[in-house]
Amino acid sequence: RSRGLRTHLSCLSQKSDSLSDFSALQCDGKQSQALKRLTAEEARRWARSFDLLLSHKYGRSAFRSFLQTEFSEENLEFWVACEDYRKTRSVNKLPAKARRIFQEYIDVQAPREVNIDFPTREITRKNLQHPTLSCFDLAQLRVHSLMERDSYPRFLRSQIYNDLLSHTQKSPC
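So, here's what we can say about the structure. Remember, it's a predicted structure, so these values are computed and weren't measured experimentally. (Residues numbered from 1 in each chain as written. Predicted model: local features only at pLDDT ≥ 70, side-chain atom pairs only at ≥ 80, totals over all residues. Heavy atoms only, no water.)

### Comments concerning the packing of aromatic side chains
Under the criterion given, the structure shown has 10 aromatic pairs. For the pair Phe78 and Tyr105, a centre-to-centre distance of 5.6 Å together with 55 degrees between the ring planes defines the contact as tilted. Of this pair, Phe78 sits in helix 6 (residues 73-86) while Tyr105 sits in helix 7 (residues 94-106), and the two are 27 residues apart along the sequence. When sorted by exposure, Phe78 lands in the same class as Tyr105, which is buried. An angle of 80 degrees between the planes, with centres 6.4 Å apart, marks the rings of Phe78 and Phe136 as edge-to-face. One end of the pair, Phe78, is in helix 6; the other, Phe136, is in the loop between helix 8 (118-127) and helix 9 (137-157), with 58 residues separating them in the sequence. Pair check on accessibility: Phe78 and Phe136 agree, each one buried. (Phe/Tyr/Trp six-rings, centres within 6.5 Å; stacked < 30°, edge-to-face > 60°. Helix = DSSP H or I, 4+ residues; strand = E, 2+ residues; numbered from the N terminus. Buried < 20%, exposed > 50% of the residue type's maximum accessible area, 1.4 Å probe, protein only.)

Here is the structure:
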């Protein structure tokens, strides 16, 4: 169900900086069921704190959709990858997972390179020599701060967020 909402948010974000096309959801299908479960109060809470936004699956989806309009969704994807990495139970899997994350997001010219400073990049590179669950903490913190400081305020002013708030305040079904 949340996958349907994420897919819909993703499709809409590629068309515009607006979720005004929510009318397409109306009362049909799984997507509208997922969207109906999002309350206006939940959506308003996202404006209270960036971490509240990130902790809510629909909040992350809406934020991801917004970041796609800014061509910076790699920041959130990296943050999510770090959260997933930190939950790794097998120590034997850490080196391969760490290498994949580094090559995908941190390395210079990585396909989805995040914007971090050189010292953070080098500290993270050194951490990979002996990967631990915390080897991406500094880089993740930098990316989190960047999103919180730059993208999050724009998200809260965006048409995507405002249309989502407006939609949750209505009860179309």
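What follows picks up the thread again.
### As for the side chain of Ser72
Looking at the secondary structure, you find Ser72 in the loop between helix 5 (57-69) and helix 6. Not counting the four nearest positions on each side in its chain, Ser72 is found in contact with Leu67 and Ser151. (Contact = heavy atoms within 4.5 Å.)

### Concerning the packing of helix 6 against helix 7
Taken N-terminus to C-terminus, the directions of helix 6 and helix 7 make an angle of 170 degrees; their axes are 11 Å apart at the nearest point. Considering the angle they form, helix 6 stands roughly antiparallel to helix 7. Of helix 7, the residues touching helix 6 (which contributes Glu74, Glu77, Phe78, Ala81, Asp84 and Tyr85) are Leu94, Lys97, Ala98, Ile101, Tyr105 and Ile106. For the contact of helix 6 with helix 7, the class distribution of residues is 8 nonpolar, no polar and 4 charged. (Axes fitted to C-alpha atoms, helices over the stretch in contact; angles between N-to-C directions. Parallel < 35°, antiparallel > 145°, perpendicular 65-115°, else oblique. Nonpolar A, V, L, I, M, F, W, Y, C, P; charged D, E, K, R; others polar.)

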